[in-house]
Amino acid sequence: METPPRHDRLLARVTARARERCAPLRPPVSEGELAAAVRILGFPLHPLLDRLYREVADGGFGPGYGLFRLSALADDRSSETAGPLTAAYRDRRAPNLRDRDWFWPEGVVPVLTWGCGMLACVDCRSPRGTVLLFEPNAVQDDWADAWFVDSDSLADWLETSLDGTGWYSDPDADDPWAEADRAAAPTQPRPWGAPARARGAAAQHGSVSDLRGCASGSVEEAVITI
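Residues numbered from 1 in each chain as written. Predicted model: local features only at pLDDT ≥ 70, side-chain atom pairs only at ≥ 80, totals over all residues. Heavy atoms only, no water.

1. Overview of the side chain of T165
Our working definition: We count a stretch as a helix when DSSP gives it H or I for four or more residues in a row; a strand needs E for two or more, and each element gets its number in order from the N terminus. Only protein chains enter the area calculation, which uses a 1.4 Å probe; residues under 20% of their type maximum are buried, those over 50% are exposed, and those in between are partly exposed. In what follows, residue pairs with any heavy atoms lying within 4.5 Å of each other are defined as contacts.
With respect to the secondary-structure elements, T165 resides in the loop between helix 5 (154-163) and strand 5 (190-191). Take T165: its relative accessible area is 16%, and that puts it in the buried class. Beyond its immediate chain neighbours, meaning those up to four positions away, T165 contacts T160, D181, A184, A185, P186 and T187.

Below, the structure is given as structure tokens:
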């Protein structure tokens, strides 16, 4: 069971790492900004994800390209590497006119990109904040095949990222977030297809980004407006 003292210690560690390696950071979000994001999403963030945005910064820290910012300002443009989280979730929940089999699980918010269409996501409906990997590049006919459990809890995932023991940790790369632990066996994601499909039935209208494929090291993105 997740406990507040563990989260307190973990947040202190994340904050120190973010200030050391990810400066300059955006200010944390306000209670009003958080409430506005919750209205857009239609559900609250997982409590630990909520605290990351309220106590550390409005995105821009963590592994990969760093956490998405929470919501866009009036003059901001959406970015595949910076978010915002609210738009990343809302757009992917929309139906895709080019692919009638497309779905996105309800309550699963994208929090950062690994590049090439791959996303780290947090299941805000799970008590521990399960962290999921969306990996679309090898999908043939069933989008359920794109879903994997990266970590059973957001707290465990954060600790793994700080320790350099995630599947994405590369001993030969210059990672600004954490050096890879060469002695540790990296964590390995496991399939999550059936729960993803069960949670993806109810879509909402809007626009969706088709992010399958990686060409020349960049994400290919086609935005479809409904």
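2. Some details on the pairing of strand 1 (residues 108-115)
Put simply, the rule reads: Paired strands, in this sense, are two strands between which DSSP finds at least two bridges.
The buried count for strand 1 comes to eight of eight residues, which makes it a mostly enclosed element. Bridge count for strand 1 against strand 2 (residues 118-123) is six bridges, and the pairing is antiparallel. Each bridged residue has a counterpart across the sheet, and for V108 the counterpart in strand 2 is D123. Here strand 1 folds back onto strand 2, and the loop between the two strands holds two residues, one of which, C116, carries a positive phi near 55°.

3. Digging into the nonpolar core
Here is the rule we go by: We define the nonpolar core as a collection of buried residues of types Ala, Val, Leu, Ile, Met, Phe, Trp, Tyr and Cys that are connected through side-chain atoms lying within 4.5 Å of one another.
Grouped together as the largest cluster of nonpolar side chains are 58 residues, with contacts concentrated most on L49, L52, F61, L85, V109 and W147. In contact with V109, other than residues within four places in its own chain, are L41, F43, L49, L85, Y89, A120, C121, V122 and C124.

4. Looking at the pairing of strand 3 (residues 131-134)
Burial of strand 3 is two-sided: the residues V131 and L133 facing one way and the residues L132 and F134 facing the other way are all buried. Sheet topology note: the strand 3/strand 4 (residues 147-151) ladder contains four bridges and is antiparallel. Counterpart to L132 in the pairing with strand 4 is V149.

5. A look at the packing of helix 3 (residues 47-56) against helix 5
Inclusion rule: Lines fitted to the C-alpha atoms define the axes, with helices restricted to the stretch that makes contact. Angles between their N-to-C directions range from 0 to 180 degrees. Roughly parallel refers to an angle under 35 degrees, roughly antiparallel to one over 145, roughly perpendicular to one between 65 and 115, and oblique to any angle outside these ranges. In this count, Pro and Cys sit with the nonpolar residues alongside Ala, Val, Leu, Ile, Met, Phe, Trp and Tyr, while Asp, Glu, Lys and Arg are called charged and the others, Gly among them, polar.
It is at 9 Å that the axes of helix 3 and helix 5 come closest, and there the two elements cross at 50°. Classified by the angle between their axes, helix 3 and helix 5 sit oblique to one another. Seen from helix 3, the contacting residues are L48, L49 and L52; seen from helix 5, they are L154, A155 and L158. Class assignment of the residues belonging to the contact of helix 3 with helix 5 gives a composition of six nonpolar, no polar and no charged.

6. Things to note about the pattern of salt bridges
Condition: We count a salt bridge whenever a side-chain nitrogen from Lys or Arg sits within 4 Å of a carboxyl oxygen from Asp or Glu.
Applying the stated criterion across every chain yields a total of 17 salt bridges. When the shortest N-O distance is used, the salt bridge between R51 and D8 registers 2.8 Å. With R51 in helix 3 and D8 in helix 1 (residues 4-21), the pair connects residues that are 43 residues apart, well separated along the chain. Here D8 falls in the partly exposed class, since its relative accessible area comes to 40%. Here R128 and D156 are joined by a salt bridge, their closest N and O atoms 3.3 Å apart. Of this pair, R128 sits in the loop between strand 2 and strand 3 while D156 sits in helix 5, and the two are 28 residues apart along the sequence. Taking the relative accessible area as the measure of exposure, R128 reaches 33% and is therefore partly exposed. Taken together, the shared-partner salt bridges in this structure form one network comprising R6, R128, D156 and E159.

7. Some points on helix 3
Extensive coverage of helix 3 is indicated by the burial of seven of its ten residues. Taken together, the buried positions of helix 3 are L48, L49, D50, R51, L52, Y53 and V56.

8. As for the packing of aromatic side chains
Applicable threshold: A pair of aromatic rings is counted whenever rings of Phe, Tyr or Trp (Trp by its six-membered ring) have centres within 6.5 Å, and the orientation is called stacked for planes under 30 degrees apart, edge-to-face for over 60 and tilted otherwise. Charges are assigned to positions over rings by a cutoff of 6 Å between ring centre and Lys NZ or Arg CZ, combined with an angular limit of 35 degrees from the ring normal.
Going through the model one piece at a time under the given rule, you end up with twelve aromatic pairs. On the basis of an interplanar angle of 50° and a centroid distance of 5.0 Å, the ring pair of F134 and W147 is categorised as tilted. Taken together, the residues F134 in strand 3 and W147 in strand 4 connect sequence positions 13 residues apart. Members of the aromatic cluster, connected to one another through ring pairs, are W102, W104, F134, W143, W147 and W192. Across the ring face of W177, the terminal group of R17 is positioned such that the distance to the ring centre comes to 5.9 Å.

9. Section: the sheet that holds strand 1
Pairing within the open sheet is antiparallel, and its five strands lie in the order 1-2-3-4-5. The open sheet has two free edges, formed respectively by strand 1 and strand 5, since each of these has just one partner strand.

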